[in-house]
Amino acid sequence: MKNLQTLHLLPILALASLFVEISGSISLHPVLTGPDKAFLGSRVAFRCIAPDSSLPVAYELMRDSGVLFATALESDQPAPFFLKVTATSEGSYQCRATAGGRTGVSNSVKLSVVIPVSHPRVTSEPFPAVVYEGSPLVLSCNVAKGSHLSYTWFFNKKEVTASTSPFLRLNGNKLVMEKATPEHAGSYYCMAWSSVQDIKRFSSSTDFQVTVKVYVSKPRLSFSISKEGGSYCGNVTCWTTRGSPPVNFSLLLDDKEVGSVTATESLAAWFPVAMVPGLDMGVARCRVNSEVQELMSEPVTLVVVPVRGDVEVEVEYLFRADSKMAAARLSCQIGRGTFPHVSWLLNDSVLPSETYVDSHIQPVLSHYALTDHRRTLFLTKLGPEESGYYRCRVRDSYDESGPWVESAAVLVRVTGVLTTTTEVITIAFCCFLLLSLAVGVGCVYKMFDRERAHAHIAPTNPSYEALPLPGPTPVSGGKQADASSADCDVQSQTVEVTV
């Protein structure tokens, strides 16, 4: 009986022995954990564990496919490996575990050594960073040391993003201006940074100035004249509306250069010239030169025509949308004169200048405005005070002692209740329409009344026109014949009147 039980246990023992042998031949499967990035000079830890082993395990840390890096004693706990990161620490790490004659190699963890950034600076292409509008410009953020870097750009202390400008493009450590505009001129700096987990290390460059120059526009020319004692002095002004200084202005008189000025802070230059009123002093032109441009102004003849001819005042009333009078515009029409000075008078009192600002003195007329070099007077308030006779007078602006040329007085009458031109036209049109309707109705009525009268006479005496004339009567009956004839005439006249 005992032998029979032993026979039954033999298969079980054989299976157990086979399981032990198979278990001993299966390798371990250790797992290695650790950082994938670390700052240079920092300390990191790798941990290796063989979860499928119940026996004490010996661990070894290897780098770059088999090079032994560190070992750990047998233990039934995960094995930690600590190391200080150096420039040579970068590579792939694996863990080898050994227990009970079994060996296994873990997964691979690649460690990257992050070098903190230092000394970033901005450079440009072209250098120096001075370009004309529409030209390309590339700024680069270069560092003395650093790896695994990201870059942030700032323009006038504000961060540059993809939506900042359609002509700005971020590309790695570069800020690309495809078409520079004057709005891109200013101060730039870059910030380079790297991060490991939640730790960020960064460094910023110093400010870098970008200048975007504006092309010079076509120059213009004007001139003036003044009187000093008994002589006259002329002045020609050359200017341009846009451009980046410095620019050079030259004055040409009859195609000969008579002066040249380099403007460093403005876009204008002034040239003294000889000038006499009434004389043609020649044709003047301005020439402007920049680094990349040369432009000429339109020619201007230097002739000063003194004020002369008739002076007139034209009045125009201005109305609101509701047909109420809102203002009056008085224009001073001048015959001739290059530099006229216009003065306005109301009832022989001179109106104050538009630059009159003395608040302690009440002006003659407070609600008015002067435009077009005082040639146009606007009455912005209409009332009894603004009513009166207006005149303008003109003299040469460069000669304060010169004679005035005056216009005739024009009456401007403003009342409280105004009938506008539109209202007058409307009333006249309505009256004309009513009169036309009355005449038309009268004609139609007369036509129908005549037709009614004809219809009434025709049946009463249908053969009136065919009646024979009365024959001759004896002389002795002359009185009776006259009476009969008279009666006939009366009867005939009565019929005609009735018709």
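Reference entry: report on the structure contained in this document. (Residues numbered from 1 in each chain as written. Predicted model: local features only at pLDDT ≥ 70, side-chain atom pairs only at ≥ 80, totals over all residues. Heavy atoms only, no water.)

Observations concerning the sheet that holds strand β3 (residues 43-49)
Threshold: Here the rule is simple: two strands pair whenever DSSP picks up at least two bridges between them. Helix and strand assignments follow DSSP, with helices taken as H or I runs no shorter than four residues and strands as E runs no shorter than two, numbered in order from the N terminus. Every axis corresponds to a line fitted to the C-alpha atoms, with the helix fit spanning only the stretch in contact, and the corresponding angles, defined between N-to-C directions, vary from 0 to 180 degrees.
Across the sheet, which stays open at both edges, the 3 strands sit in the order β1-β3-β6 with antiparallel pairing between neighbours. Edge positions in the open sheet fall to β1 (31-33) and β6 (79-84), since each of these has one partner strand only. With strand direction ignored, the average angle separating the axes of adjacent strands in the sheet is 20°. Here 6 bridges tie β3 to β6, and the two strands are oriented antiparallel to one another. Within β6, the position partnered with Ala-45 by the bridge is Phe-82.

Considering the state of the cysteines
The cut-off we apply is this: Pairs of cysteine sulfur atoms within 2.5 Å are what we label disulfides. Residue exposure (1.4 Å probe, protein chains only): buried if accessible area is under 20% of the type maximum, exposed if over 50%, otherwise partly exposed.
All told, the structure shown has 4 disulfides when counted by the stated rule. Between the sulfur atoms of Cys-48 and its disulfide mate Cys-95 the distance is 1.8 Å. Given an S-S torsion of about -95°, the disulfide between Cys-48 and Cys-95 has left-handed geometry. Note that Cys-48 is positioned in strand β3 and Cys-95 in strand β7 (residues 91-99), a separation of 47 residues in sequence. Like Cys-48, the residue Cys-95 is buried in the burial classification. Linked covalently through their sulfurs, Cys-238 and Cys-286 form a disulfide whose S-S length is 1.7 Å. The chirality of the disulfide connecting Cys-238 with Cys-286 is left-handed, given an S-S dihedral of about -65°.

Remarks on the pattern of salt bridges
Two side chains carrying opposite charge are able to pair once their charged atoms lie near each other. Worth spelling out the cut-off: For salt bridges, the criterion is a side-chain nitrogen of Lys or Arg within 4 Å of an Asp or Glu carboxyl oxygen.
Inspection of every chain in the model, using the stated rule, returns 13 salt bridges. Between Arg-63 and Asp-64 there is a salt bridge; the shortest N-O distance is 3.7 Å. When its relative accessible area of 40% is taken as the criterion, Asp-64 is described as partly exposed. We note a salt bridge from Arg-169 to Glu-178, for which the minimum N-O separation is 3.1 Å. In this structure Arg-169 comes out as partly exposed when scored by relative accessible area, which is 38%. Residue classification places Glu-178 among the partly exposed residues on the basis of a relative accessible area of 41%. Because the salt bridges share partners, they merge into one network encompassing Asp-348, Arg-391 and Glu-406.

As for the environment of Leu-252
To keep things clear, this is the line we draw: Whether two residues touch is decided by their heavy atoms; if any such pair falls within 4.5 Å, the residues are in contact.
Looking at the element boundaries, Leu-252 is found in strand β22 (residues 247-253). Judged by its relative accessible area of 10%, Leu-252 falls in the buried class. Residues Leu-252 and Pro-299, 47 residues apart in the sequence, show an inter-C-alpha distance of 9.5 Å. When sequence neighbours within four positions are dropped, the list of residues in contact with Leu-252 reads Glu-257, Val-283, Ala-284, Arg-285, Arg-287 and Met-296.

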